[in-house]
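# Descriptive structure summary
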Amino acid sequence: MSEMMSREALEAALRAIGEERYHSRHPFQILLQEGRLTREQVQAWALNRYYYQSMIPVKDSFILARLGTVELRREWRERIVDHDGSESERGGIEKWIALTDGVGLDRDYVMSGRGILPGTRFAVDAYVHFVRERSLLEAIASSLTELFSPSVIGVRNKGMLAHYDFISKETLAYFDKRPVQAKRDSDFALTYCLDYARNREEQEAVIEALKFKCQVLWTQLDALYHAYVEPGHLPFDAWRPGEAGTAAEGASRAA
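All residue numbers refer to positions counted from 1 along the written sequence of the respective chain. It should be noted that, the model being predicted, local features are given only for residues of pLDDT at least 70 and side-chain atom pairs only at 80 or more, the latter also being counted only at that level, while totals for whole chains, interfaces and linings use all residues. With hydrogens and water stripped out, all remaining heavy atoms of the structure feed into the side-chain values.

## Some points on helix α7 (residues 118–133)
Under the DSSP-based scheme used, a helix requires at least four consecutive residues in state H or I and a strand at least two consecutive residues in state E, with every element numbered from the N terminus. Take the residue count of a helix, subtract one, and multiply by 1.5 Å to get its expected span. Its 16 residues place the ends of α7 22 Å apart at the C-alpha level, agreeing with the 22 Å of an ideal helix rising 1.5 Å per residue. Against α3 (39–64), α8 (136–141) and α11 (200–228) lie the buried residues of α7. Residue contacts are defined here by distance: any two heavy atoms, one from each residue, within 4.5 Å place the two residues in contact.

Spelled out as structure tokens, the structure:
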């Protein structure tokens, strides 16, 4: 077995993965933030991303159930509250529904899961399966993509607000708290991985888990690009532009 990496070397290896493989580099993401997508393509992104958002508290629940101390469970529970919300505050899922409302999609259709691309569903389900079946260390390591999200959120929001007249700050309210939440969550997950990867094999498992999660995010954008940009091949039962529009959108276009 190879010699164990230092904490500094492991962290550097993890950050290098994000620099190379995070989905901020994907062509669809670049088109989105540079304002080069149509309204319908943005709708496709919002619709498919909802499925990912809706499954985050599910995968976090699998992790929560495996944590062995009150302190760790309290820490991880914050992630679930962030997305599911509480009696007094909207969560991320509700805010994402507001985003799909804002781009002109019917919320019942969005929440039903109809029209989701098979590639989206397969990738997200594979992520949940990974978290459920792999070691706790690997499951936590797979969340480390949050190390790279705060700066990307800023770039994406700025670009979308600048280039799409159907996007407002209210539409993008989901992202208001995400940089702070992601920093908190990724700091915890990184420390956990650095502390509990206690041999080279476990360190390599942490690295591979992060690579896998990057693949999950990248694959979702691959599916969107293939279906809605180039070559534009829509799978059976996938959402088609013009379907599931809101009443407000229809009235606006009629006017």
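There is more to say, and it comes next.
## Describing unusual backbone geometry
In the segment running from E230 into P231, the intervening peptide bond is cis, with an omega of 5°. Note that P231 resides in the loop between α11 and α12 (247–254). Here the phi dihedral of D237 falls at roughly 70°; this positive angle occurs in a residue that is not glycine. Backbone geometry places A244, a non-glycine residue, at a positive phi of 60°.

## With respect to the side chain of D60
Inspection of the secondary structure puts D60 in helix α3. In protein, a polar contact means a hydrogen-donor-capable atom and an acceptor-capable atom, both N or O and within 3.5 Å, with residues adjacent in sequence counting only if both atoms are side-chain atoms; elsewhere, any N or O pair within 3.5 Å suffices. Here K59 takes part through its side chain, which lies 2.8 Å from a polar atom of the side chain of D60. In contact with D60, not counting residues within four places along its chain, are W76, R79 and I80.

## Details of α11
The end-to-end C-alpha separation of α11 is 42 Å, in line with the 42 Å expected for 29 residues at 1.5 Å each. Two to three positions downstream of the cap, the backbone nitrogen of E201 sits 3.1 Å from a side-chain oxygen, assigning the N-cap of α11 to N199.

## Topic: the packing of aromatic side chains
Note on ring pairs: Phe, Tyr and Trp rings are taken, using the six-membered ring of Trp, and paired if centres are within 6.5 Å. Classes follow the plane angle, with under 30 degrees stacked, over 60 edge-to-face and the rest tilted. One pass over the full model with this rule turns up 11 aromatic pairs. For the pair W96 and Y174, a centre-to-centre distance of 5.1 Å together with 85° between the ring planes defines the contact as edge-to-face. Of this pair, W96 sits in helix α5 (residues 92–102) while Y174 sits in the loop between α9 (149–163) and α10 (178–196), placing them 78 residues apart in sequence. Pair check on accessibility: W96 and Y174 agree, each one buried. In this structure an aromatic cluster arises from ring pairing among W45, W96, Y174 and F175. Lysine and arginine charges are scored as sitting over a ring when NZ or CZ, respectively, is within 6 Å of the ring centre and within 35 degrees of the ring normal. Lying across the ring of W76, R79 places its NZ or CZ 3.7 Å from the centre. The aromatic ring of F62 is capped on one face by R132, whose charged end is 5.5 Å from the ring centroid. Three exposure classes are used, based on accessible area relative to the maximum for each residue type with a 1.4 Å probe and protein chains only: buried under 20%, partly exposed in between, and exposed over 50%.

## Comments concerning the packing of helix α1 (residues 7–21) against α10
One can describe the packing of α1 onto α10 by two numbers: an axis separation of 10 Å at closest approach and a directional angle of 130°. In terms of orientation, α1 and α10 fall into the oblique class. Every pair of crossing elements has a handedness; the one defined by α1 and α10 is right-handed. Across the interface between the two elements, R7, L10, E11, L14 and R15 of α1 pack against L190, C193, L194 and D195 of α10. The residue classification treats Ala, Val, Leu, Ile, Met, Phe, Trp, Tyr, Cys and Pro as nonpolar and Asp, Glu, Lys and Arg as charged. All others, Gly included, are polar. Within the contact of α1 with α10, the residues separate by chemical class into five nonpolar, no polar and four charged. To define axes, lines are fitted to C-alpha atoms, for helices over the stretch in contact only, and angles between the resulting N-to-C directions are given on a 0 to 180 degree scale. Throughout, the term roughly parallel applies to angles under 35 degrees, roughly antiparallel to angles over 145, roughly perpendicular to angles from 65 to 115, and oblique to all others. Working rule for handedness: look at the near helix, and if it is turned counterclockwise from the far one by less than a right angle, call the crossing left-handed; if clockwise, right-handed.

## Quick word on the pattern of salt bridges
By convention in these notes, a salt bridge is any Lys or Arg side-chain nitrogen within 4 Å of a carboxyl oxygen on Asp or Glu. Under the definition given, this model contains 17 salt bridges. Notably, a salt bridge pairs R7 with D195, separated by 2.7 Å at the nearest N-O pair. Residue R7 is located in helix α1, and its partner D195 is located in helix α10; the two are separated by 188 residues in the primary sequence. When its relative accessible area of 35% is taken as the criterion, D195 is described as partly exposed. A salt bridge links D187 to K183; the shortest N-O distance between them is 2.6 Å. Taken together, the residues span about one helical turn, with D187 and K183 both in helix α10 at a distance of four residues. Of the residues examined, K183 reaches a relative accessible area of 48% and is grouped as partly exposed. Taken together, the salt bridges that share partners define one network made up of R79, E146 and R178.

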